[in-house]
Amino acid sequence: MRAALVEAQKAFIIGEVPIGAVIVYDGKIIGRGHNLREHLNDGIAHAEIMAIQEACGALNSWRLIDCDIYVTIEPCLMCSGAIINSRIRSVYFGSRDPKAGAVESLYQVLGDSRLNHQVNVTEGILSDQCSQIMKDFFKAARKRKKKN
C-alpha cells in the first residue's frame, strides 16, 4: 500500500485526485497507476485502469490471474468491473469512498456470485494515510476556488 500511496502523491502533485494503485504478481510490482483524467482528458484514466494496463503489458495477457491490486481508495463501479474482467485475485484498499465506492460502500460488486469471477477484498490498509491525502487535496482545492 505504501507504493500505492507514492502513486497517489504523484497525482496530488500534478493536480489530479490523489488515488494510486499498484498490481503485484509473485511478490513484484508489475503495474502502477495514478489518476490522469485531467491530464489525458480521459474519463477512464483512473489509477486502477492505468495499473491494469501496465500489468497486462508486463504479463503479455489480459488475464491477471494470481495478481493482487492495492488501491488507496475503494474502487468505483468502472474500476471494479475492470478488476473482475481482468481476473485479479484480490483487492486491498485503504479507505472507503461513500460517494462512488463499488466494493463495500454503494455496491459490493466484487463479491457478486452472479458474475463469472469474484475477488477477495481486504479494506482498511493504511486507511488514515489514504484518507488524509484526499482530505488535503480537496481542502487545497476549496481554498483555491475560494481565492479565485
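Each chain carries its own residue numbering, running from 1 in the direction its sequence is written. Note on the predicted model: pLDDT of at least 70 is required for a residue's local features to be given, and 80 or more for side-chain atom pairs to be given and counted; whole-chain, interface and lining totals, by contrast, use all residues. Think of the side-chain values as coming from all heavy atoms in the structure, minus any hydrogens and water.

Draft legend 1. Looking closely at a positive patch on the surface. The patch calculation keeps residues exceeding 30% relative accessible area without a salt bridge and links them within 9 Å when they carry like charges or within 5 Å when they are nonpolar (Val, Leu, Ile, Met, Phe, Trp, Tyr). Computed with a 1.4 Å probe, the accessible areas rest on the Shrake-Rupley method; for each residue, only the protein chains presented here act as cover. Criterion for a salt bridge: a side-chain nitrogen of Lys or Arg within 4 Å of a carboxyl oxygen of Asp or Glu. Two residue types count as positive, namely Lys and Arg, and two as negative, namely Asp and Glu; His and chain ends fall outside the count. Throughout, a charge is located at the NZ atom of Lys, the CZ atom of Arg, the CG atom of Asp or the CD atom of Glu. On the surface, Lys139, Arg142, Lys143 and Lys147 cluster together to form a positively charged patch. On the secondary structure map, Lys147 appears in helix H5 (residues 127-147). Strands are runs of DSSP state E lasting at least 2 residues, helices are runs of H or I lasting at least 4, and numbering of each runs from the N terminus.

Draft legend 2. Region of interest: the packing of aromatic side chains. Side-chain rings of Phe, Tyr and Trp, where Trp is taken by its six-membered ring, are said to pair if the distance between their centres is within 6.5 Å; with planes under 30 degrees apart they count as stacked, over 60 as edge-to-face, and otherwise as tilted. Under the criterion given, the structure shown has three aromatic pairs. Members of the aromatic cluster, each reached through a chain of ring pairs, are Phe12, Phe137 and Phe138.

Draft legend 3. Quick peek at the UniProt feature "binding site: Zn(2+)" (unreviewed entry) in the protein. UniProt positions are given in the numbering used here, feature names are shortened, and annotations may be inferred rather than shown by experiment. Per the UniProt annotation, the sites labelled "binding site: Zn(2+)" (unreviewed entry) are His46, Cys76 and Cys79. These annotated residues cover 34 residues of sequence, but their C-alpha atoms sit close together, with the largest distance between any two at 9.3 Å. A contact between two residues is defined here by any heavy atoms of the two lying within 4.5 Å. When residues no more than four places from it in sequence are discounted, the contact partners of Cys76 are His46, Glu48, Ala100 and Ala102. Its location among the elements puts Cys79 in helix H4 (residues 77-85). Note on Cys79: relative accessible area 0%, which makes it buried. When residues no more than four places from it in sequence are discounted, the contact partners of Cys79 are His46, Glu48 and Ile49. We call a residue buried when its accessible area falls under 20% of the maximum for its residue type, exposed when it is over 50%, and partly exposed in between, using a 1.4 Å probe and counting protein chains only.

Draft legend 4. The arrangement of the sheet that holds strand S1 (residues 20-25) in detail. A pair of strands counts as paired when DSSP detects no fewer than two bridges linking them. The mixed open sheet is built from five strands, whose spatial order is S2-S1-S3-S4-S5. The open sheet terminates on both sides in strands that have one partner only, identified here as strand S2 (28-34) and strand S5 (120-123). Each neighbouring strand pair of the sheet contributes to a mean axis angle of 15°, computed without reference to strand direction. Taken together, the four bridges between strand S4 (residues 90-95) and S5 define a ladder with parallel strand orientation. When the sheet's bridge partners are listed, Phe93 is paired in S5 with Glu123. Against the sheet, H5 contacts strand S3 (67-73) and S4, and its axis sits at roughly 60° relative to S4. Every axis corresponds to a line fitted to the C-alpha atoms, with the helix fit spanning only the stretch in contact, and the corresponding angles, defined between N-to-C directions, vary from 0 to 180 degrees.

Draft legend 5. Layout of the UniProt feature "domain: CMP/dCMP-type deaminase" (unreviewed entry) in the protein. Following the UniProt record, the feature "domain: CMP/dCMP-type deaminase" (unreviewed entry) maps to residues 1-114 here. Across residues 1-114, the secondary structure splits into 33% helix and 23% strand, with the terminal C-alpha atoms separated by 29 Å.

Draft legend 6. The arrangement of the pairing of S3 in detail. Taking burial as the measure, the seven residues of S3 include six buried ones, the bulk of the element. Relative to S3, S1 is paired through five bridges, and the arrangement is antiparallel. Looking at S3, one finds that Val24 is bridged to Asp68. A clockwise course of the path from the first strand over the helix to the second, judged with the strands pointing away from the viewer, identifies a crossover as right-handed. The handedness of the S3 to S4 crossover, carried by H4, is right-handed.

Draft legend 7. Looking closely at the side chain of Glu7. Within the secondary structure, Glu7 is located in helix H1 (residues 2-13). When its relative accessible area of 2% is taken as the criterion, Glu7 is described as buried. If sequence neighbours within four positions are ignored, Glu7 has contacts with Gly20, Ala21, Val22, Arg32, Gly33 and His34.

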